[in-house]
Amino acid sequence: MDRADLVVQRREGLYCPAGDFYIDPWQPVERAVITHAHADHSRRGHTRYLAAAPAEGVLRTRLGEIDLQTLEYGEAIDHFGVRLSFHPAGHVLGSAQVRLEQEGRVWVASGDYYVAGLHADTAEDNQTCAPFEPVRCHCFITESTFGLPIYRWQPQAELFADIDGWWRGNAETGRASLLMGYSFGKAQRILKGVDRTIGPIFVHGAVEPLNRAYRAAGVDLPETRMATEVKDKAEFRNALIVAPPSVQGSTWTRRFGDYSDAFASGWMQLRGARRRRAVDRGFVLSDHADWPGLQRAIAATGAERVIVTHGYEAVMVRWLGDQGLEAGSFQTEYGSDDDEDPPPAT
Amino acid sequence: MKRFAQLFAELDRSTATLAKVDALKRYFAVAAQRDAAWAVYFLAGGKPRQVVPSGVMWATACRAAGIDEWLFDACYQAVGDFSETVAHVLPPAAHESDLGLADWIEDRLLTLRGLSPEEQAARVASYWNELDSSCRFLLNKLIGGSFRVGVSKLLVQRALAEHAGIDAKLVAQRMMGYTDGRIAPTAERYTRLTTSIEAGVLDLGQPYPFFLAHQLDLPHAEFAAKLSAPEDWIVEWKYDGIRAQVVKRARQVWVWSRGEELVTERFPEIVAAVATLPDGTVLDGEIVVWKDGKVQPFALLQQRIGRKLLGKKVLADAPVGFIAYDVLELEGVDLREQPQVERRARLEALAAGHDAIHLSPVEVRHSWAELAELRHESRARGVEGFMLKHRQARYGTGRRKQDDLAAGTWWKWKIDPLSIDCVLVYAQAGHGRRASVYTDYTFAVWNRRPADAAEALAVVDHIARREPAVPESLQLVPFAKAYSGLTDEEFKVVDRIIRRDTLEKFGPVRSVKPSLVFELGFEGINRSTRHKSGIAVRFPRMLRIRDDKPLHEADTMAELEALLRLQHGSVAPAGKETAAAEAASGADG
């Protein structure tokens, strides 16, 4: 190697030696470049933060007062000879890939991203944020949360028809529909995707602040009310309630009387995971790329070198090697706070 | 097939009995009779043998999905189920078939058997190409003979009965043997299950649905209050054998196992014994190995299980006998509505005249405490404890538990399991709902008592450095595997420790740095040449995690040897039973 790598792995996180900054570090550092506002990627305690402009609202909602500088998608800054820009990752509002360029070399760190299917189709884009944008590069650092061929997302129209069908069926028999999903990103995709004419929609207190941030960013979400504000329980009988997974089995759910519960996550693809969850329905809704999506995203970068992070690293590294690419992996500490990311058992 | 797949999905995701019965009734209302015939067969537990070898299925799946075997294997490890893995990795179907379940089974599935592997592969791949993901999953399950869904036979019978507007007990009796695989399900057989008029004489060898017993988990001090006085109960020793019903009609004998399998040919001794009974007799009881005038350990009976060809040696080594404990039919009359005590009297009278039938002995004591004391003889007698049957109870159907403990339930009052404290050394991810979670563990004991904590830790370090064990030195000897007994929460904790402390991966198996001590319970223990430790335990399960026990205090081979002696009735029980058993005996004494 005549030239040092643009990104290396350090105890504090992924590090750019040339620019002396970290990307999504898990220990407190001086300069942190943040790909998105999920808790495992944007931690407290860094001195200065840099993120994509659309992430500002959600970042401040979650982290409060921080020293934050933002860039519009595609806007570049130069720092110690490294040119840095953010590009949409399609994962959640404000999520970004980080493009680094130095002396003609381009590296892209994906953070978490959402791309579904082998062929581009705007109907399959995440409708609550800017869709994933492929960025040409020499080296691509990719996530691999769902890096196995068993993960293929069904068309969103089918998925939301299933969710609507479940909600409508419950509403017809006078039962509340409690749909659990991660409060940032997943909850808003549910709200955006369901048929808002079926009945009223209520949310948990953890969800509403993020709804406000999404609405402020111009995302059209249906009207939602806090479940705790409801006086007359009859209002729940045809309602959809969106809440984080932590409410399962808690006293918070008692207010709904007789209800059907469901869980939205990419892991619901597997029967075993559905049965472990012990809910009435599991809907396969993910904010991460499925297997064909990972293939497509990686191919679109044109990268000859790929570094795999959090998920099925070993499988992806071997598969990419079989495809003739130079593949390696970084051990990161992502995925520990986001309930979409239990570690695989291989 | 689609309709059946939809029914499967509804049954699979529901935990409410009522919702399941409703789903079944909706299916019966619309399904063609010959499709429903097969649906009932599968739902009630019928399993045709695997028609295509696993190897062929595996290779065909990799080819159809266009992925290498290692990648398919990685998928399988994550899913924990072959049929489901295939359903997920295949590309979408070219077109979807509208063929019904019966056509699929009779024309396409059963005809696969015996074809060349190439022909099987070609056909299976083309079938996959006309099914959606949920139907593919089902087809694979049916081909592999591993279809299972969360409905009991009783529930299927109930739904059929409600659908047809007849008594569920009648459906249950008509359904005996329906799933044993001797005759294929047909529209005609299905109609016979649900017809509202008495369909004339039943098949000659037809048994009655078994009445199943429940475990009694209650300190005996509460028996008097909750069960009533011992005088109201018939108390019998509980033998560890094969539950069976013997039928003698028209000078012919049938032997049915609890799995509703006709096992007549496997037990010629029983046939000879039952042949001496008058026609129109049906008895319920236990098949055991009977030698030297007494019951032998279950391990001997295992030599007879699954064996269809009986050589002279097996017949001499493990001769079986029938211990009768109930009479369901006498002189062609159904006695099941008679009280237990009446049936017992009729049974005793019958057995008095027929030496070939052994009678299950009854114990009479005036207090539950005396019976609890007597129960301590169980192991020495080679039995599992007591059965408690209310004197006034009728012979019910299936597994029916009632809130009122003193009502008609049969209770198993079993002795506490044998137990040993052992160390987790290997782990493997589970299947089904435990896929991707490490839930299947291998346990070891010390080959000798470690001198102190330091010596034990030195061995752990040695293992952690992956150095081969020094012969004759202190070592951990694996002796049992278990995968049940912990709560989901406990599994989560152990799973985390296993991931953290993994030493090596051998395919799906991980060796783990020894640190966790478990109390392992089991029903029996025997010598075995198949296991490295020389010991095999029966029904092992985890009783609890012994966080309080340091590694060097885990048990040794010597304690296992002591349990062996205890089990096989020799003197001086130097081994130990569970703390609960000790506490119980303390309270009694």
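Calculation rules
- Residues numbered from 1 in each chain as written.
- Chains lettered and ligands numbered in written order.
- Predicted model: local features only at pLDDT ≥ 70, side-chain atom pairs only at ≥ 80, totals over all residues.
- Helix = DSSP H or I, 4+ residues; strand = E, 2+ residues; numbered from the N terminus.
- Rg over C-alpha atoms; globule rule 2.2 N^0.38 Å.
- Buried ≥ 20, exposed ≤ 12 C-beta atoms within 10 Å, placed from the backbone.
- Contact = placed C-beta atoms within 7 Å.
- Axes fitted to C-alpha atoms, helices over the stretch in contact; angles between N-to-C directions.
- Parallel < 35°, antiparallel > 145°, perpendicular 65-115°, else oblique.
- Left-handed = near helix turned anticlockwise from the far one by under 90°.
- Nonpolar A, V, L, I, M, F, W, Y, C, P; charged D, E, K, R; others polar.
- Pairing = 2+ DSSP bridges.
- Domains from an automatic or database assignment.
- Right-handed = clockwise from strand over helix to strand, strands pointing away.
- Core = buried A, V, L, I, M, F, W, Y, C linked by C-beta atoms within 7 Å.
- Expected span 1.5 Å × (residues − 1).
- Arc of directions from axis to C-beta.

### Here's the deal with the overall build of chain B
Here's step 1: Scanning chain B from terminus to terminus reveals 23 helices and 21 strands.
Here's step 2: Relative to the globule expectation of 25 Å for 589 residues, the C-alpha radius of gyration of chain B, 27 Å, shows essentially globular dimensions.
Here's step 3: Principal-axis analysis of the C-alpha atoms gives chain B an extent of 75 × 70 × 50 Å.
Here's step 4: Sorting the 589 residues of chain B into buried and exposed places 38% on the buried side.
Here's step 5: The contacts of chain B with a sequence gap of at least 6 include a subset with a gap of at least 24, amounting to 75%.

### Regarding the packing of helix α2 (residues 17–30) of chain B against helix α10 (residues 153–164) of chain B
Residues and elements named next belong to chain B.
Here's step 1: Where α2 meets α10, the closest approach of the two axes is 9 Å, and the angle between their N-to-C directions is 55 degrees. As summarised for this structure, α2 and α10 are arranged oblique, according to the angle between their axes. In this structure, α2 crosses over α10, and the sense of that crossing is right-handed. Note on element contacts: α10 touches α2 through Leu-155, Val-156, Arg-158, Ala-159, Leu-160, Glu-162 and His-163, opposite Thr-17, Lys-20, Val-21, Leu-24, Lys-25, Phe-28 and Ala-29.
Here's step 2: Of the residues that constitute the contact of α2 with α10, the class distribution is 8 nonpolar, 2 polar and 4 charged.

### Focus: the interface of chain A and chain B
Here's step 1: With 17 residues of chain A at the interface, the matching set in chain B holds 23 residues.
Here's step 2: Of all the secondary structure elements, the ones that give two or more residues to the side of chain A that touches chain B are α5 (271–277) and α7 (313–322) of chain A.
Here's step 3: Per element, the largest residue contribution to the side of chain A that touches chain B is 4 residues, and it comes from α5(A).
Here's step 4: Here the side of chain A that touches chain B is composed, by residue class, of 9 nonpolar, 3 polar and 5 charged.

### Notes on the sheet that holds strand β10 (residues 362–363) of chain B
Residue and element names in this part refer to chain B.
Here's step 1: Taken together, the 5 strands give an open sheet; going across it, the order is β1-β12-β11-β2-β10, and neighbouring strands pair in mixed fashion. Looking at the sheet topology across the chains shown, the edges are occupied by β1 (214–215) and β10.
Here's step 2: Bridge analysis of strand β2 (residues 233–237) against β10 gives 2 bridges, and the strand direction is antiparallel. Note on β10: the bridge partner recorded for Glu-236 is Val-362.

### A closer look at the domain arrangement of chain B
In many analyses, interface size is given as the accessible surface area lost on bringing the parts together.
All names here are of chain B.
Here's step 1: With domains assigned, chain B is organised as domain 1 (215–414) and domain 2 (418–588).
Here's step 2: For domain 1 and domain 2, the distance between their C-alpha centroids amounts to 34 Å.
Here's step 3: With 8 residues of domain 1 at the contact, the number on the domain 2 side is 7 residues.
Here's step 4: Those elements that provide at least two residues to the side of domain 1 that touches domain 2 are α15 (298–302), α18 (368–375) and α19 (378–381).

### Some thoughts on the sheet that holds strand β2 (residues 13–16) of chain A
Each strand in a sheet pairs with another by means of backbone hydrogen bonds, the pair being arranged parallel or else antiparallel.
All names here are of chain A.
Here's step 1: Spatially, β1-β2-β3-β4-β5-β6 is the arrangement adopted by the 6 strands of the open sheet, whose pairing is mixed. Edge positions in the sheet fall to β1 (8–10) and β6 (68–71), since each has one partner strand and no second. Neighbour to neighbour, the strand axes of the sheet diverge by 35 degrees on average, direction disregarded.
Here's step 2: Relative to β2, β1 runs antiparallel, the two being bridged by 3 bridges. Bridging across to β2, Gln-9 finds its partner in Leu-14.

### Quick word on the pairing of β6(A)
Looking along a regular strand, one sees the side chains alternate between the two faces of the sheet.
Residues and elements named next belong to chain A.
Here's step 1: As defined by bridge partners, strand β5 (residues 48–52) adjoins β6 across 4 bridges and the pair is classed as parallel. Bridging from a neighbouring strand, Ala-52 pairs with Leu-71 of β6.
Here's step 2: Once the chain exits β5 it traverses helix α1 (residues 56–63) before rejoining the sheet at β6, and the crossover so formed is right-handed.

### Quick word on the nonpolar core
Here's step 1: Of all hydrophobic cores here, the largest spans 197 residues; its most connected members are Leu148(A), Ile241(A), Val242(A), Ala39(B), Val40(B) and Phe443(B).
Here's step 2: With 52 residues, the next largest nonpolar core counts Phe211(B), Ile234(B), Ile270(B) and Ala273(B) among its residues.

### Topic: α2(B)
All names here are of chain B.
Here's step 1: Taking 1.5 Å of rise per residue, 14 residues should cover 20 Å, and α2 covers 21 Å from first to last C-alpha, within 8% of that figure.
Here's step 2: Residues of α2 that are buried: Lys-20, Val-21, Ala-23, Leu-24, Tyr-27 and Phe-28. Seen end-on, α2 carries its buried residues on one side only, within an arc spanning 160 degrees. Projecting away from the buried face of α2 at angles above 90 degrees are the exposed residues Leu-18, Ala-29 and Val-30.
Here's step 3: Buried residues along α2 sit in contact with α1 (2–13), α3 (33–43) and α10.

### A look at the domain arrangement of chain A
All names here are of chain A.
Here's step 1: In terms of domain boundaries, chain A breaks down into domain 1 (8–152 + 288–329) and domain 2 (156–283).
Here's step 2: The straight-line distance from the C-alpha centre of domain 1 to that of domain 2 is 29 Å.
Here's step 3: Of the residues lining the interface, 18 residues belong to domain 1; the matching set on domain 2 comes to 17 residues.
Here's step 4: Residues of the side of domain 1 that touches domain 2, tallied by class, amount to 9 nonpolar, 8 polar and 1 charged.

### Things to note about the pairing of strand β13 (residues 418–429) of chain B
All names here are of chain B.
Here's step 1: Counting buried positions over the 12 residues of β13 gives 11, a clear majority of the element.
Here's step 2: Here β13 pairs with strand β18 (residues 517–522) via 6 bridges, running antiparallel. Pairing of Ser-419 across the sheet is with Gly-521, part of β18.
Here's step 3: Of the strand pairs in this sheet, β13 and strand β14 (residues 438–446) are connected by 6 bridges, and their pairing is antiparallel. Within β14, the position partnered with Tyr-426 by the bridge is Thr-442.

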